[in-house]
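Summary of structural features
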Number of protein chains: 2
Amino acid sequence: MTAADDRDPEAKRHAERFQRVREAHQTEVAEDYVELIAQLIEKTGEARVVELADWLGVTNATVNNTIQRLQRDGLVTSKPYRSIFLTDKGRGLAEASRRRHEIVRDFLLALGVDSETAETDSEGIEHHVSDATVQAFRRFLAKPKS
Amino acid sequence: MTAADDRDPEAKRHAERFQRVREAHQTEVAEDYVELIAQLIEKTGEARVVELADWLGVTNATVNNTIQRLQRDGLVTSKPYRSIFLTDKGRGLAEASRRRHEIVRDFLLALGVDSETAETDSEGIEHHVSDATVQAFRRFLAKPKS
DNA sequence: ACTCAAACTTAGCATACACTAACTTTTATC
DNA sequence: GATAAAAGTTAGTGTATGCTAAGTTTGAGT
Ligand SMILES: [Mn+2]
Ligand SMILES: [Mn+2]
Ligand SMILES: [Mn+2]
Ligand SMILES: [Mn+2]
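Criteria and cut-off values
- Residues numbered from 1 in each chain as written.
- Chains lettered and ligands numbered in written order.
- Predicted model: local features only at pLDDT ≥ 70, side-chain atom pairs only at ≥ 80, totals over all residues.
- Heavy atoms only, no water.
- Donors = N, O, S within 2.8 Å, 3.2 Å for Na, K, Ca; no water.
- Buried < 20%, exposed > 50% of the residue type's maximum accessible area, 1.4 Å probe, protein only.
- Least-squares fit on C-alpha atoms with pLDDT ≥ 70 in both.
- Contact = heavy atoms within 4.5 Å.
- Near = heavy atom within 4 Å.
- Polar contact = N/O pair within 3.5 Å; in protein donor to acceptor, adjacent residues only side chain to side chain.
- Helix = DSSP H or I, 4+ residues; strand = E, 2+ residues; numbered from the N terminus.
- Core = buried A, V, L, I, M, F, W, Y, C linked by side-chain atoms within 4.5 Å.
- Nonpolar A, V, L, I, M, F, W, Y, C, P; charged D, E, K, R; others polar.
- Patch = residues over 30% accessible without salt bridge, like charges linked within 9 Å, V, L, I, M, F, W, Y side chains within 5 Å.
- Areas by Shrake-Rupley, 256 points an atom, 1.4 Å probe, with all protein chains shown as cover.
- Salt bridge = Lys/Arg side-chain N within 4 Å of Asp/Glu carboxyl O.
- Lys, Arg positive; Asp, Glu negative; His and termini not counted.
- Charge placed at Lys NZ, Arg CZ, Asp CG, Glu CD.

Here the focus is the coordination of the manganese ion (ligand 3). Residues and elements named next belong to chain B. Protein-derived coordination of the manganese ion (ligand 3) comes from Asp32 (OD), Glu123 (O), Glu123 (OE), Glu126 (OE) and His127 (NE2), at a distance range of 2.0 to 2.3 Å. Distance-wise, the manganese ion (ligand 2) is placed 3.8 Å from the manganese ion (ligand 3), both being coordinated by Glu126. The two residues Glu123 and Glu126 agree in class, both being buried.

Pasting the structure below:
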């Protein structure tokens, strides 16, 4: 220990959990963007700013700002007035996000949640499920209906 | 319709889901703070800035800023250099948050997720489960083990 | 009552994410 | 190919959330 670290160890664990949630929120926007970009490219051949804005419910200007951050972080490439492409890193994140999102959504559906709620809730929950929880969801999905 | 609203209806629904998630994130910090304040008061008799900072993993200064926002929003009261109290509204939010949080955590445990993961993941998930999903979790918890 | 450490506050800064308004570029249409 | 609409960009603004560093207040121990 570099310094006196003699606080309540329960407080410490509690704090670490919150730090985890804060980290998840930092990657959340990136995950949703690359996932959507991949879907748009797959469905329509390209990902454009207007389309992203339309599907995300934000303005063009906001999408532009975010795309610049994603580019800075090596997830996408884009040239002025052109459509947006994923880097290898971006494609990897998109693929992992898509799979995890699908499991969360399918799990909620299997639990008996209605379709629209499953879509809405999974959009937020997906960013907060660790691998262990995803595994538990998978196990549940694999189980034959009782 | 006030203007031409002739975009892909699927995009529109998709966008609404994201708006939901953004709303959840706006209330998230408030929920975690009042829940923790209630717990500290219950356990130690009062809620102090240092304690909150310790349990949340942020600095005193950050807690101070947030407490000011919560006060502005009518969830807590506090006088300079004194401990923090919940308003009726704050107590109500704390109570609702606590209940929902417990159900999410217990649900993950019942699914077979290990204790530390359940604590960590539920800290993020709790803010993204709608009433319908909470009901589904409850049903699962009520069901006798297969 | 003094002293000093702990607690708290304030000031100043930074980043993320959102917006509107104004401007530029591209592209579709004639 | 000129023109208008659509798409994209930029500038400027605001809030939430975090930080560090510097100051103030409180309260505990002597
Ligand atoms: Mn999402
Ligand atoms: Mn909680
Ligand atoms: Mn939480
Ligand atoms: Mn979240």
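Moving on, we get to the relation of the copies chain B and chain A. Between the two copies, chain B and chain A, the superposition gives an RMSD of 0.1 Å; the rotation angle is 180° and the shift along the axis is 0.0 Å. A rotation of that kind, with that shift, is consistent with a two-fold axis. Scanning chain B for the C-alpha nearest the rotation axis identifies Ile125 of chain B, at a separation of 2.6 Å. Looking at the interface residues of chain B, 100% of them are also at the interface in chain A, so both copies use one shared face.

Bringing the protein's contact with DNA strand C into the picture now. The local shell around DNA strand C holds 21 residues, among which Thr62 and Arg69 of chain A together with Arg48, Val50 and Asn64 of chain B are the closest. What you see for DNA strand C is that sugar and phosphate hold 82% of its atoms within 4 Å of the protein. In this structure, Thr62 of chain A approaches DNA strand C through a side-chain N or O atom, which is 2.7 Å from a phosphate oxygen. Asn64 of chain B has a polar side-chain atom sitting 2.3 Å from a phosphate oxygen of DNA strand C. Of all elements in the fold, only α3 (60-72) of chain A together with α2 (49-56) and α3 (60-72) of chain B reach the threshold of two or more residues within the surface near DNA strand C. If one sorts the elements of the surface near DNA strand C by residue count, α3 of chain A sits on top with five residues.

Let us look at the nonpolar core. Core analysis: the largest hydrophobic core is formed by 26 residues, its most contacted members being Phe107, Leu111 and Phe137 of chain A together with Phe107, Leu111 and Phe137 of chain B. Counting only elements with at least two residues in this core, the list comes to α4 (88-111), α5 (115-125) and α6 (131-142) of chain A together with α4 (88-111), α5 (115-125) and α6 (131-142) of chain B.

Attention now moves to the protein's contact with DNA strand D. If you check the shell around DNA strand D, you find 21 residues, and the closest are Arg48, Val50 and Asn64 of chain A together with Thr62 and Arg69 of chain B. The contact atoms of DNA strand D, taken as those within 4 Å of the protein, divide so that sugar and phosphate hold 80%. The contact in question runs from a phosphate oxygen of DNA strand D to an N or O atom on the backbone of Val49 of chain A, over 3.4 Å. At 3.2 Å, a side-chain N or O of Tyr81 of chain B approaches a sugar or linking oxygen of DNA strand D. If one sorts the elements of the surface near DNA strand D by residue count, α3 of chain B sits on top with five residues. Here the residues of the surface near DNA strand D sort into nine nonpolar, seven polar and five charged.

It is worth spelling out a positive patch on the surface at this point. A cluster of like positive charges, contributed by Arg139 and Lys143 of chain A together with Arg139 and Lys143 of chain B, occupies part of the molecular surface. Structurally, Lys143 of chain A is set in the segment after α6.

Another point: the coordination of the manganese ion (ligand 4). Of the protein atoms, only His25 of chain A (NE2), His128 of chain A (NE2), His25 of chain B (NE2) and His128 of chain B (NE2) coordinate the manganese ion (ligand 4), at distances of 2.2 Å. You can see His25 of chain B sitting in helix α1 (residues 9-44) and its partner His128 of chain B sitting in the loop between α5 and α6, a full 103 residues away along the chain.

This part takes up the pattern of salt bridges. Counted under the stated rule, the structure contains 18 salt bridges over all chains. With a shortest N-O distance of 2.9 Å, Arg100 of chain B and Glu31 of chain B are connected by a salt bridge. Taken together, the positions of Arg100 of chain B in helix α4 and Glu31 of chain B in helix α1 put the pair 69 residues apart, joining distant regions of the chain. Ionic pairing is found between Arg72 of chain B and Asp73 of chain B, a salt bridge with its closest N-O pair at 2.9 Å. Bridged by salt links that share partners, the residues Glu95, Arg98, Arg99 and Glu102 of chain A form one connected network.

Fair warning: the whole summary comes from geometry, so function is off the table for now.
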